[in-house]
Amino acid sequence: MRYQYKFEIFPKMPFLFLILLVFPAFFLYGGENSILRNIRLIALPEINVLKEGKNLQSVDHLMEMAFVLSGTENESIEYYIDRFFEIIREFKESQDDLSDLKRVAENMLTYLHEHVFKKYNEKQTKLDVLLDTGVFNCVSSAVLYSIALSSFGIDVSGVRTIDHAFCTVKIGDTKYDVETTNLYGFDPGSKKDFVNEFGDITGFNYVPPGHYSKRQNIDKLQLISLILHNRITDLYERNQYFDALGLAVDLYYLLEDDESHETFIGAIQNIGAYINNTGLYTEGLECFDAIVKQYPDDIKIVKVYQSLYHNYIVKLIDGKSYDKALMTCEQAFSRLILTETDYRDFIVIIFTNQANEIARTSYPQALAFLEQAFEKIGADKRLVSAQVSYFNNHIVDLLKQKKIEQADELVEGSYKSSFLNKIDYNKFKGYVVLEQGSAIALEQGYLQAARFLESALKSIGPNSNISQNISIYLRNYEVTIHNQAIGLYQEDKIQEAVTLLEQALVEYPDSKQLRKDLEKIRPYL
């Protein structure tokens, strides 16, 4: 019996797989070509013009902005603006008195529901579609109503909640909420019959003024911009992330606030998620090259870019495309896309995974291959761990093949070259010594094997496995002499038995068993 040295399997290196999750769609208010060719990274020229010359007091400007944000064709905008003013003209003709502004505001809502608003649809947020079909939601109806009142010089602004939008009209010192989705929506808290009809039309339960969840007052520009919010959400629901990015760019350029920035970042994250989920990394990274070039200082975009590169390299590694993974890793690191930590992690993963495959046929070749990784990132502890594991298995193989001298030379040489530290040297030298002791036990006997191990232990230092085997060999020596002495005694060869035990005690004076045997047999001389 002797100690068995351990055959080690170096595990596949773990790594973090950064998952790009699809960015949640914003609440809807009112409830293969190259990828690069499908994205728009700058605002529409019309947005630029509207922003530079924005005049929230100009009805023409507000209407033009509302149609541009609705996605109306440029050549049709003038037509729709004319239709809007035709509605205003017809409303004026239907009124007896336009001097009572509260009455004008209330009658305008009634008029729009009787002549323009035909059917509620939570997703219909475009003004041109509203004028063509009469289908509306809270945003499109609120925008049209607010601009219509603006044409009479009435102070009107917007209100948004988590998933709803409406208007607030100020007449003198009094403010009135206006639920534009309902015929009875002017100052709805004062109308007892409002709840049922509003519920029938929109599916929302009316809450009296001041009790909406997270109510937020917004100006006309922000109200009109909700058209873009809804269009972006609609594109998300149809997985049209590239089109949504263009609208998010428009929204961010138009408002330049934190929320529009988050919308913009969300659109980019969705594209990253799409690329990640479809595996279109080559075109996808080309796409992000352009995005980062356009917005180099936005750290959130850079993080998406880094995550995308990270996941691409992970995919290459999982597919065992190690050369391509290494090349991509080197390129990304040289361009500062990968952090040094990520770069080191990937180098370890790439080389240890390949080394694992090489080690199936040759541990020396696996060890040699790992040297390339050391040249790139130095003595990373994970590489060292892999290296020691392959060295361990190489030594084990040599010992199994009874190539003890070769194994010994390899261990000694590795220690002298500082490849092995003292602890590892002790471990591997112990393997060799144990195998040498086993050979001596077979050829010369247990006592000689024990003495050899004792000498080796003094040389290499404390080693529990060697100490254990010394005890085993000494015990085996005791058992062997004991059995021989008993055999002689039973043959009445008392003197020979005594002589055998005395000689054995000279060699192993600490043996209690042999001394006890001698004490029992000697009286029979």
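Residues numbered from 1 in each chain as written. Predicted model: local features only at pLDDT ≥ 70, side-chain atom pairs only at ≥ 80, totals over all residues. Heavy atoms only, no water.

Here we come to the sheet that holds strand E6 (residues 216–218). An order of E5-E4-E3-E6 is seen for the four strands of this open sheet, with the pairing classed as antiparallel. Of all the strands in the sheet, the pair left with one neighbour each is strand E5 (174–178) and E6. This sheet shows a mean twist of 30° between the axes of neighbouring strands, independent of strand direction. Relative to E5, strand E4 (residues 165–171) runs antiparallel, the two being bridged by five bridges. Each bridged residue has a counterpart across the sheet, and for valine 169 the counterpart in E5 is tyrosine 176. Running at roughly 100° to E6, helix H8 (residues 220–237) makes contact with strand E3 (155–160), E4 and E6 of the sheet. (Pairing = 2+ DSSP bridges. Helix = DSSP H or I, 4+ residues; strand = E, 2+ residues; numbered from the N terminus. Axes fitted to C-alpha atoms, helices over the stretch in contact; angles between N-to-C directions. Contact = heavy atoms within 4.5 Å.)

Of note, serine 414 is situated in helix H17 (residues 404–416). Those residues in contact with serine 414 that lie beyond four places of it in its chain are Phe391, Phe419 and Leu420.

A word on the packing of helix H20 (residues 464–490) against helix H22 (residues 512–521). In the contact formed by H20 and H22, the axes pass within 9 Å of each other and the chain directions differ by 15°. Judged by the inter-axis angle, H20 sits roughly parallel to H22. Judged by the twist between their axes, the crossing of H20 over H22 is left-handed. For the pair H20 and H22, contact is made by Arg475, Tyr477, Glu478, Ile481, His482, Ala485 and Tyr489 and by Lys512, Gln513, Leu514, Asp517 and Ile521, respectively. Here the residues of the contact of H20 with H22 are counted per class, giving six nonpolar, two polar and four charged. (Parallel < 35°, antiparallel > 145°, perpendicular 65-115°, else oblique. Left-handed = near helix turned anticlockwise from the far one by under 90°. Nonpolar A, V, L, I, M, F, W, Y, C, P; charged D, E, K, R; others polar.)

Along the chain, glutamate 340 falls in helix H14 (residues 340–359). Note: C-alpha distance between glutamate 340 and isoleucine 377 (37 residues apart in sequence) is 9.7 Å.

Within the structure shown, the criterion is met by zero disulfides. Free of any disulfide, cysteine 138 has its nearest cysteine sulfur in cysteine 167, 9.7 Å distant. (Disulfide = S-S within 2.5 Å.)

In this section: the side chain of serine 225. With respect to the helices and strands, the residue serine 225 is situated in helix H8. By relative accessible area, serine 225 is classed as buried at 2%. When residues no more than four places from it in sequence are discounted, the contact partners of serine 225 are Leu69, Leu251 and Leu255. (Buried < 20%, exposed > 50% of the residue type's maximum accessible area, 1.4 Å probe, protein only.)

For the rest of this paragraph, the subject is the confidence of the model for the chain. Here the chain averages 86 in pLDDT, while 87% of its residues score no lower than 70. Taking the mean pLDDT of every element in the chain, the minimum, 45, falls on helix H7 (residues 194–202) and the maximum, 97, on helix H5 (residues 127–133). Long-range and interchain partners of residues 1–26, a stretch whose pLDDT sits below 50, account for 81 contacts in this model, where long-range means more than four residues apart. Low pLDDT, under 50, characterises residues 201–210; the predicted model gives this stretch 25 contacts beyond four residues in sequence or across chains. (pLDDT = per-residue confidence, 0-100.)

Turning to the packing of aromatic side chains, a few remarks are in order. Taken as a whole and judged by the stated rule, the model has 25 aromatic pairs. Between phenylalanine 288 and tyrosine 305 the ring centres are 6.2 Å apart and the planes differ by 10°, which places this aromatic pair in the stacked class. Of this pair, phenylalanine 288 sits in helix H11 (residues 281–294) while tyrosine 305 sits in helix H12 (residues 299–318), and the two are 17 residues apart along the sequence. Take phenylalanine 288 and tyrosine 305: they sit in the same class, and that class is buried. (Phe/Tyr/Trp six-rings, centres within 6.5 Å; stacked < 30°, edge-to-face > 60°.)

Compared with an ideal rise of 1.5 Å per residue, which puts 15 residues at 21 Å, helix H15 (residues 363–377) spans 22 Å between its outermost C-alpha atoms and is within 8% of the ideal. Where H15 is buried, its residues meet H14 and helix H16 (381–400). One side-chain oxygen at the N-terminal end of H15 lies 3.2 Å from the backbone nitrogen of glutamine 365; it belongs to serine 362. (Expected span 1.5 Å × (residues − 1). Polar contact = N/O pair within 3.5 Å; in protein donor to acceptor, adjacent residues only side chain to side chain.)

Following both chains from N to C, one finds H15 and H16 inclined at 165°, their axes separated by 9 Å at the closest point. As summarised for this structure, H15 and H16 are arranged roughly antiparallel, according to the angle between their axes. In this structure, H15 crosses over H16, and the sense of that crossing is left-handed. In this structure, H15 contributes Tyr363, Pro364, Ala366, Leu367, Leu370, Glu371, Ala373, Phe374 and Ile377 to the contact, and H16 contributes Leu383, Val384, Ala386, Gln387, Tyr390, Phe391, Asn393, His394 and Asp397. Looking at the contact of H15 with H16, its residues break down into 13 nonpolar, three polar and two charged.

Applying the stated criterion across every chain yields a total of 22 salt bridges. Where arginine 89 meets glutamate 86, a salt bridge forms, and the shortest distance between an N and an O atom there is 2.1 Å. Taken together, the residues arginine 89 and glutamate 86, both in helix H3 (residues 74–94) and three residues apart, mark about one turn of the helix. For glutamate 86, a relative accessible area of 30% puts it in the partly exposed group. Here glutamate 412 and lysine 429 are joined by a salt bridge, their closest N and O atoms 2.8 Å apart. One end of the pair, glutamate 412, is in helix H17; the other, lysine 429, is in helix H18 (residues 422–443), and 17 residues separate them in sequence. Residues joined in a network through salt bridges with shared partners are Arg344, Asp345, Asp380 and Arg382. (Salt bridge = Lys/Arg side-chain N within 4 Å of Asp/Glu carboxyl O.)

Further remarks concern the pairing of E4. With six of seven residues buried, E4 is to be regarded as a mostly interior element. Bridge count for E3 against E4 is six bridges, and the pairing is antiparallel. Its bridge partner lying in E4, glycine 158 is registered against cysteine 167. Linkage of E3 to E4, two consecutive antiparallel strands, is achieved through a turn of four residues.

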